[in-house]
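Here's the letter readout for the chains.
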Amino acid sequence: MKSLAAVMAVLMVAATASYGEALRTDRVSASARWLVHIDIEALNSSQLGATMKADIPAEHAAKLEEFKTNFGMDLLKDISGITLYGENGEHGNAVAIIRGKFAVDKLVALTKKNPDYEQIAYSNLAIHKWKNHGKDGFSCFYGDETLVMGGDLAQVKAALNVLGGSTAHLTSANALSKLIPTAAGVFFFASADGLDNMQGVDPNATVIKNSQTASLVVREQAGELRSAAVLAIDVR
């Protein structure tokens, strides 16, 4: 594993074993139509999270230690939150905002070993371009604790603009923000608004195409795992 593509793949697995933070809407674009957030702190403090960490097999523990050596990151401690969002349902139209403690210099040096590596200057930032299985990937460190990743350069630049404050972020005035759960103990949720006219949604998915909004929430309450899925369907 010699690129940030490998890092991204492992981060999704590591989300079950790290500390975390609640969603920050000022890191999400106001134009987002869907978002997914993993609150790893809530998961970590739950009985489910404790069980998952306690049950890590020895062979996986060895791989985690190898990853720490190669990438300078302890995946059981250093990832603090993962947020994904996009403006439509088309493939590649998404960005990931990953918060954590990164060995930035080491990760960038590894990424530069990709044979298709290219550095793109953007404002005072460096966007790193690489290929994984023939597909372009883009990543940029916004400071030492925020990593932005995506498969489309324009989307990554737009996400950086949101973080920098030059582009509007999600507020209570946006319909999507009203789908963000406020209950305690939520460690995973996914929400979408405007599904009935969202590009990239399978036209044969009748229920989805007739839905205005959708949400999925997973949380722990009184030691019990609870989930809820809600669709707002147009019945006209």
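These figures come from a predicted structure and were not determined experimentally.

Quick word on the overall build of the protein
Scanning the protein for helices and strands turns up 7 helices and 10 strands. In the protein, buried positions account for 42% of the 236 residues. Here the contacts in the protein between residues at least 6 apart in sequence split such that 56% fall between residues at least 24 apart.

Quick look at helix α6 (residues 153–164)
Along its 12 residues, α6 runs 17 Å from first to last C-alpha, staying within 8% of the 16 Å computed at 1.5 Å per residue. Of all the positions in α6, only Q155, V156, A159, L160, V162 and L163 are classed as buried. Seen end-on, α6 carries its buried residues on one side only, within an arc spanning 155 degrees. Tucked into the core, α6 has its buried residues touching β2 (79–86), β3 (95–100), β4 (118–122), β5 (125–132), β6 (135–141) and β7 (146–150). Capping the start of α6, D152 holds a side-chain oxygen 3.1 Å from the backbone nitrogen of A154, two or three residues further along.

Looking at the packing of helix α4 (residues 58–71) against helix α5 (residues 104–111)
At a closest axis distance of 9 Å, the pairing of α4 and α5 adopts a crossing angle of 90 degrees. Between α4 and α5, the crossing angle belongs to the class labelled roughly perpendicular. Taking contact as the criterion, the partners of T69, N70 and F71 in α4 are, on α5, K106, L107 and L110. Class assignment for the residues of the contact of α4 with α5 results in 3 nonpolar, 2 polar and 1 charged.

Description of the environment of A158
Residue position: A158 is located in helix α6. According to the relative accessible area criterion, A158 is partly exposed, its value standing at 29%.

Concerning the side chain of Q155
Summarising the element assignment, Q155 is placed in helix α6. Excluding residues within four positions of it along the chain, Q155 makes contact with E87, N93 and V95.

Description of the nonpolar core
Grouped together as the largest cluster of nonpolar side chains are 26 residues, with contacts concentrated most on M73, I79, I98, F102 and F141. The element that contributes the greatest number of residues to this core is α5, accounting for 4 residues. Residues A32, I120, L160 and I180 belong to the second largest nonpolar core, which totals 24 residues.

Digging into the confidence of the model for the protein
When pLDDT is averaged across the protein, the result is 82; 84% of the residues are at 70 or more. Across residues 1–20, confidence stays below pLDDT 50; counting only partners more than four residues off in sequence or on other chains, it has 68 contacts.

Thoughts on the pattern of salt bridges
Per the counting criterion, the structure on display carries 5 salt bridges. The shortest N-O distance in the salt bridge between R99 and E145 comes to 3.8 Å. Of this pair, R99 sits in strand β3 while E145 sits in the loop between β6 and β7; the two residues are 46 residues apart in sequence, bridging distant segments of the chain. The salt bridge involving E224 is made with R226; its shortest N-O contact spans 3.3 Å. Judged by its relative accessible area of 45%, E224 is partly exposed. Given a relative accessible area of 38%, R226 falls into the partly exposed group.

The rules we used
The residue count restarts for each chain, going from 1 along the sequence in the order it is written. Side-chain atom pairs in this predicted model are given and counted only at pLDDT of 80 or more, local residue features only at pLDDT of at least 70, and totals for whole chains, interfaces and linings cover all residues. Water and hydrogen atoms play no part in the side-chain values, which are based on all heavy atoms of the structure. For the purposes of this entry, the term helix denotes a DSSP run of H or I that reaches at least four residues, the term strand denotes a run of E that reaches at least two, and both are numbered from the N terminus. Accessible area is worked out with a 1.4 Å probe on protein chains only. A residue is then buried under 20% of its type maximum, exposed over 50%, and partly exposed in between. The contact criterion used is simple: two residues touch if any of their non-hydrogen atoms lie within 4.5 Å. Helix span is expected to be 1.5 Å times the residue number reduced by one. Arc definition: directions from the helix axis to the C-beta atoms. Here a polar contact is recorded for every N or O atom pair within 3.5 Å, except that within protein the pair must consist of a potential hydrogen donor and a potential acceptor, and residues adjacent in sequence are included only if both atoms are side-chain atoms. Helix axes use the C-alpha atoms of the stretch in contact, all axes being lines fitted to C-alpha atoms, and the angles between their N-to-C directions lie in the range 0 to 180 degrees. Here roughly perpendicular refers to angles of 65 to 115 degrees, roughly parallel to angles under 35, roughly antiparallel to angles over 145, and oblique to all remaining angles. Polarity classes work like this: nonpolar for Ala, Val, Leu, Ile, Met, Phe, Trp, Tyr, Cys and Pro, charged for Asp, Glu, Lys and Arg, and polar for all others, with Gly in that last group. Throughout, nonpolar core names a set of buried Ala, Val, Leu, Ile, Met, Phe, Trp, Tyr and Cys residues whose side chains join them through atoms within 4.5 Å. Each residue carries a pLDDT value, the predictor's own confidence for that position, ranging from 0 to 100. Just to be clear on terms, a salt bridge is a Lys or Arg side-chain nitrogen sitting within 4 Å of an Asp or Glu carboxyl oxygen.

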